[in-house]
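Notes for the structure review
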Amino acid sequence: MGALSFFSYFFLGLGPGLAFFCTIIAPKSFLVLLSFFSCFLWLVMLLFISAIFKGFEPFPETTSSFAGILLASVAMEEILRYGLWWMHTKGVTMLEGIARDAGHRFALVDRLYMALAWGFGHAACHSIFFFLSFLPLVAGDGTYYLKDCTQMSMFLIGALYSLAFGMILTSSMVVAFEGYAHLKWGPGFASVATRPVEPAWRTWFHVLFAPVLHVTAALVTLLNMAQDGCLIAQPVNLALGLASTGYAAHLAWTRGAADSKRQATARLARDSSEPLNTLVTDDNTFPDAFPPGHAPPGPASTLHVASSIASASSVTLVSRRGTAAPTTSM
């Protein structure tokens, strides 16, 4: 296998993430720095997890032992996710002050962009750590196959899981941050105090969305230990990735559009002495809310945030005997 195989797997597993970075993250220098910082923090966490389990080697090659490793790893990653949320709120508070002093407003769409950058850093770290790290092996004379699933090479499985977990990890950060923001005892609740009250069940659905999805996707990878299980595990995780991406995009669109509409309504209320309900047209638009050429950051901006949430991540465990061991991801 040579350069053709290497780049085929490379662009399958990492191509969508690179496209996402170039179109969404790269045009905004602050998001680039934030995604790099996020990637560094997740790399430190993965090294910390690896150091912990290094002391327990060798592991018995059983489903229960791999499940325990995955559950513990996901639990530690979810603790870090909430720590990132705490840092996120501190950063938002600082940026809101800067924007206020400059006469601008730090809108919800800006928070969504930041959540995407945090999530992209998580996905990029997993891609580098668990897929790109063993991809150079594809340049050798042969390839690796799982003993229980010879229909797909280890590199193809890694690329597909990189794609699936990229979507899952990036989009779940957006949903999780939106849920954390509505926790009344959380550090970011003040930032949403002016927004409509969120039903408690929806808040907790968003809070639990990321850990439940993360655990589910990780445990699905254990199907690789069953005969022909990779033929089931990969479509399931790809479906989970697409579903989470779709929900995150829907959430970004609806919340962003609603925030833009509230801001337009508030501005009309300040700038006009007429009753507010007489200024709303039949199609619920606000033609006089902004001067010509200065449209609010409405659906177009929120659609840009919601349009593309995908990158890459997977874990592949290889036994010391030189044959490929069951592939799992966390």
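What counts, and at which threshold
Residues numbered from 1 in each chain as written. Predicted model: local features only at pLDDT ≥ 70, side-chain atom pairs only at ≥ 80, totals over all residues. Heavy atoms only, no water. Helix = DSSP H or I, 4+ residues; strand = E, 2+ residues; numbered from the N terminus. Expected span 1.5 Å × (residues − 1). Bend = angle between axes of the 7 residues up to and from the residue. Core = buried A, V, L, I, M, F, W, Y, C linked by side-chain atoms within 4.5 Å. Buried < 20%, exposed > 50% of the residue type's maximum accessible area, 1.4 Å probe, protein only. Phe/Tyr/Trp six-rings, centres within 6.5 Å; stacked < 30°, edge-to-face > 60°. Lys NZ or Arg CZ within 6 Å of the ring centre and 35° of its normal. Axes fitted to C-alpha atoms, helices over the stretch in contact; angles between N-to-C directions. Left-handed = near helix turned anticlockwise from the far one by under 90°. Contact = heavy atoms within 4.5 Å. Nonpolar A, V, L, I, M, F, W, Y, C, P; charged D, E, K, R; others polar. pLDDT = per-residue confidence, 0-100. Disulfide = S-S within 2.5 Å.

**Regarding unusual backbone geometry**
With an omega of -5°, the peptide bond running from E57 to P58 counts as cis. Structurally, P58 can be placed in the loop between α2 (29-54) and α3 (63-101). With a phi close to 60°, D228 is a non-glycine residue in the positive phi region. Mapped onto the elements of the fold, D228 is located in the loop between α6 (200-220) and α7 (230-271).

**Some details on helix α1 (residues 3-25)**
The terminal C-alpha atoms of α1 lie 28 Å apart, and with 23 residues this falls more than 12% below the ideal 33 Å at 1.5 Å per residue. Its maximal kink placed at L14, α1 deviates by approximately 55°, while the proline P16 follows within four residues.

**Quick word on the nonpolar core**
Counting 63 residues, the largest nonpolar core has I25, L84, M114, W118, F177 and Y180 as the members making the most contacts within it. Mapped onto this core, the elements with two or more residues apiece are α1, α2, α3, α4 (108-132), β2 (149-153), α5 (154-181), α6 and α7. Top element by residues in this core is α4. It accounts for 13 residues. Counting ten residues, the second largest nonpolar core, distinct from the first, contains Y9, L14, L135 and V138.

**Describing the packing of aromatic side chains**
Applying the stated criterion across every chain yields a total of 21 aromatic pairs. Aromatic pair Y161 and F165: ring centres 6.3 Å apart, planes at 65°, arrangement edge-to-face. Here F165 and Y161 lie together in helix α5, a separation of four residues that amounts to about one turn. Assigned by exposure class, Y161 and F165 land together as buried. Three or more aromatic residues joined by ring pairs make a cluster, and in this case those are F6, F7, F10 and F11. The residue whose ring lies beneath K28 is Y113, and the NZ or CZ to ring-centre distance is 4.4 Å.

**So, the environment of A200**
Tracing the chain through its elements places A200 in helix α6. Expressed as a C-alpha distance, the spacing of A200 and G179, which sit 21 residues apart in the sequence, is 9.9 Å.

**Topic: the packing of α3 against α5**
With their axes 11 Å apart at the nearest point, α3 and α5 run at an angle of 60° to one another. Judged by the sense of rotation from one axis to the other, the crossing of α3 with α5 is right-handed. When α3 is examined against α5, the residues R81, Y82, L84, W85 and H88 are found in contact with a partner set consisting of L169, S172, M173, A176, F177, Y180 and A181. By residue class, the composition of the contact of α3 with α5 is nine nonpolar, two polar and one charged.

**Here we look at the environment of Y144**
By secondary structure assignment, the location of Y144 is in the loop between α4 and β1 (145-146). Taking the relative accessible area as the measure of exposure, Y144 reaches 27% and is therefore partly exposed. Between the C-alpha atom of Y144 and that of M154, which follows or precedes it by ten residues, the distance is 5.5 Å.

**Considering the confidence of the model for the protein**
When pLDDT is averaged across the protein, the result is 80; 77% of the residues are at 70 or more. Ranking the elements of the protein by mean pLDDT puts helix α8 (residues 299-306) last with 48 and α2 first with 94. pLDDT under 50 marks residues 274-303. Its contacts with residues more than four places away, or in other chains, come to 36 contacts. Ignoring residues within four places in sequence, the model shows residues 308-326, a span with pLDDT below 50, making 86 contacts including any to other chains.

**Things to note about the state of the cysteines**
In a disulfide, the sulfur atoms of two cysteines are held together by a covalent bond. Summed over the entire model, instances satisfying the criterion amount to one disulfide. Bridging C149 to C230, the disulfide has an S-S length of 1.7 Å. Looking down the S-S bond of the C149 and C230 bridge, the torsion is -45°, so its handedness is left-handed. Taken together, the residues span a long stretch of sequence, with C149 in strand β2 and C230 in helix α7 at a distance of 81 residues. Residue C149 is classed as buried on the basis of its relative accessible area of 0%. Judged by its relative accessible area of 0%, C230 is buried.

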